Amino acid sequence: MSEFASSLIEPNYIARLALQSSPFTKVVDPEIFFKGEQVGQRFNLLLHLIRASDKVGLLVAEQGLGKSVLATQLERNKTDDLRICRINGQASLTAMDIIMQCLSAFGVDDNDVQFSNDHLVLLKDRLSGLRQLNIKPLLLIDDVDLFSEEPLMALMDCLSWQKNDTFLLQAIFTSKQVLPALSNIHGRMQQIDLPALSEQEVPLYLDYRLQSAGYRGESVFSSKDLKQCYRQSAGVPALINQWAHQYLLGMKSPFSNPIKIINTERM
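Procedures and definitions
- Residues numbered from 1 in each chain as written.
- Predicted model: local features only at pLDDT ≥ 70, side-chain atom pairs only at ≥ 80, totals over all residues.
- Heavy atoms only, no water.
- Helix = DSSP H or I, 4+ residues; strand = E, 2+ residues; numbered from the N terminus.
- Buried < 20%, exposed > 50% of the residue type's maximum accessible area, 1.4 Å probe, protein only.
- Pairing = 2+ DSSP bridges.
- Axes fitted to C-alpha atoms, helices over the stretch in contact; angles between N-to-C directions.
- Lys, Arg positive; Asp, Glu negative; His and termini not counted.
- Salt bridge = Lys/Arg side-chain N within 4 Å of Asp/Glu carboxyl O.
- Polar contact = N/O pair within 3.5 Å; in protein donor to acceptor, adjacent residues only side chain to side chain.
- Contact = heavy atoms within 4.5 Å.
- Parallel < 35°, antiparallel > 145°, perpendicular 65-115°, else oblique.
- Nonpolar A, V, L, I, M, F, W, Y, C, P; charged D, E, K, R; others polar.
- Phe/Tyr/Trp six-rings, centres within 6.5 Å; stacked < 30°, edge-to-face > 60°.
- Lys NZ or Arg CZ within 6 Å of the ring centre and 35° of its normal.
- Core = buried A, V, L, I, M, F, W, Y, C linked by side-chain atoms within 4.5 Å.

Visitor: How should I be thinking about the overall build of the chain in this particular structure?
Guide: Each helix and strand counted, the chain has 11 helices and 7 strands in total. Looking at the chain as a whole, 50% of its 267 residues are labelled buried.

Visitor: Please clarify how the sheet that holds strand 3 (residues 136-142) should be interpreted in this entry.
Guide: The pairing of strands in a sheet happens through backbone hydrogen bonds and is either parallel or antiparallel. Taken in spatial order, the 5 strands of this open sheet run 2-3-6-1-7, and their pairing is parallel. Pairing within the sheet leaves two strands with one partner each, and these edge strands are strand 2 (82-88) and strand 7 (189-193). Averaged over all pairs of adjacent strands, the angle between their axes in this sheet comes to 15°, without regard to strand direction. Bridge count between strand 2 and strand 3: 7 bridges; the pairing is parallel. Looking across to strand 3, one finds that Asn88 is bridged to Asp142.

Visitor: So what exactly am I meant to see when it comes to the side chain of Lys136 here?
Guide: With respect to the helices and strands, the residue Lys136 is situated in strand 3. Here Lys136 is buried and forms no salt bridge, its nearest opposite-charge partner Asp54 lying at an N-O distance of 7.9 Å. Within the structure, Lys136 has its side chain in polar contact with the backbone oxygen of Ser53 (distance 3.1 Å). Setting aside its immediate chain neighbours within four residues, Lys136 contacts Ile50, Arg51, Ser53, Asp81, Leu82, Arg83, Arg131 and Gln170.

Visitor: Is there a simple way to think about the packing of helix 9 (residues 201-212) against helix 10 (residues 223-233) in this case?
Guide: In helix packing, the relevant descriptors are the interaxial angle and the interaxial distance, both defined with respect to the helix axes. Where helix 9 contacts helix 10, the axes come no closer than 10 Å and their chain directions differ by 105°. One element, helix 9, and the other, helix 10, form an angle in the roughly perpendicular class. Residue-level contacts link Val202, Pro203 and Leu206 of helix 9 to Leu226, Cys229 and Tyr230 of helix 10. For the contact of helix 9 with helix 10, the class distribution of residues is 6 nonpolar, no polar and no charged.

Visitor: What is the right way to look at the packing of aromatic side chains in this model?
Guide: Think of a pair of aromatic rings as described by two things: how far the centres are apart, and how the planes are tilted against each other in angle. Applying the stated rule across the entire model yields 6 aromatic pairs. With a centroid separation of 5.1 Å and 15° between ring planes, the pair formed by Trp243 and Tyr247 is classed as stacked. Taken together, the positions of Trp243 and Tyr247, both in helix 11 (residues 237-248) and 4 residues apart, correspond to about one turn of that helix. Grouped by ring-pair contacts, the aromatic residues Phe34, Tyr205 and Tyr208 constitute a single cluster. Positioned above the aromatic ring of Phe167 is the side chain of Arg188, whose terminal nitrogen or guanidinium carbon lies 4.0 Å from the ring centre.

Visitor: Would you mind going over the nonpolar core with me for this structure?
Guide: Generally speaking, a soluble globular protein has its nonpolar side chains buried in company with each other. Formed by 36 residues in total, the largest nonpolar core has its most connected members in Leu123, Leu139, Val144, Phe147, Leu155, Phe173 and Leu182. Contributions of two or more residues to this core are made by strand 1 (56-60), strand 2, helix 5 (95-105), helix 7 (119-132), strand 3, helix 8 (149-158) and strand 6 (170-175). Contact partners of Leu123, with chain neighbours within four places excluded, come to Ile99, Cys102, Leu103, Phe106, Cys158 and Trp161. With 24 residues, the next largest nonpolar core counts Phe43, Leu70, Ala71 and Leu74 among its residues.

Visitor: What exactly am I supposed to notice about the pattern of salt bridges here?
Guide: Side chains carrying opposite charge are able to pair once their charged atoms draw close together. One pass over the structure, following the stated rule, counts 7 salt bridges. For the salt bridge of Arg51 with Asp81, the shortest nitrogen-to-oxygen distance reads 3.5 Å. One end of the pair, Arg51, is in helix 3 (residues 37-52); the other, Asp81, is in the loop between helix 4 (67-76) and strand 2, with 30 residues separating them in the sequence. With relative accessibility at 39%, the residue Arg51 sits in the partly exposed group. Taking relative accessible area as the criterion, Asp81 reaches 39% and is therefore assigned partly exposed. Where Asp142 meets Arg86, a salt bridge forms, and the shortest distance between an N and an O atom there is 3.7 Å. A residue pair is termed long-range when its members are at least 10 positions apart, and Asp142 in strand 3 and Arg86 in strand 2 qualify at 56 residues. What you see here is one network of salt bridges that share partners, running through Glu75, Arg86 and Asp142.

See the structure below:
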């Protein structure tokens, strides 16, 4: 087991820095969201797509850049006129699994589901009913690239449904790569990239994470440290977290070997 993984429970610097929690090793509380310039711009664009368009957003970024964090923030920003079905992508999910999760999230009665002969018709009727109430149904899928072809084709079908020239279902997807199967989606697709943090954002990110954990002192990283952090992490938040964690453990030169992302996609 790596030192990063084995020290997740209680890093020795928590007491030394008088922290209330571990800032770089635990999955981040949903309320802790570093809204840097680039991330904030993408977040606002996705909110605009949801609220003021019928576009399907595809957020594309490599592992560790924070796709899941951004998806969670979108989910937390729902209002009364928005109903969200959040699905985390898995290769084992079937088209029926997705349909059933949508039926549950969009408020279809369990008895109706149990006795329905056609779940797609049931879902379509529910989406139409929500639209008549001026409630927008949103499908939020994290890591859609993990799906097999069958559920992807089912998604395409559901996203084609219209009534009175209005699409019944809207969606935001995240993916580590562009998917040819979702390249168009009936002319609705808008692809958005999620870049790494800039060198100027790295110290702000580190300070934010420390302060969110209760730190109230001066910066624990020198200018030289920060330059090394950016050079080694390339601004990838998950790798910044690992760098800071190892540094605070006392590993002053922790990168003699390239660091790797360890279970940090949802950090």
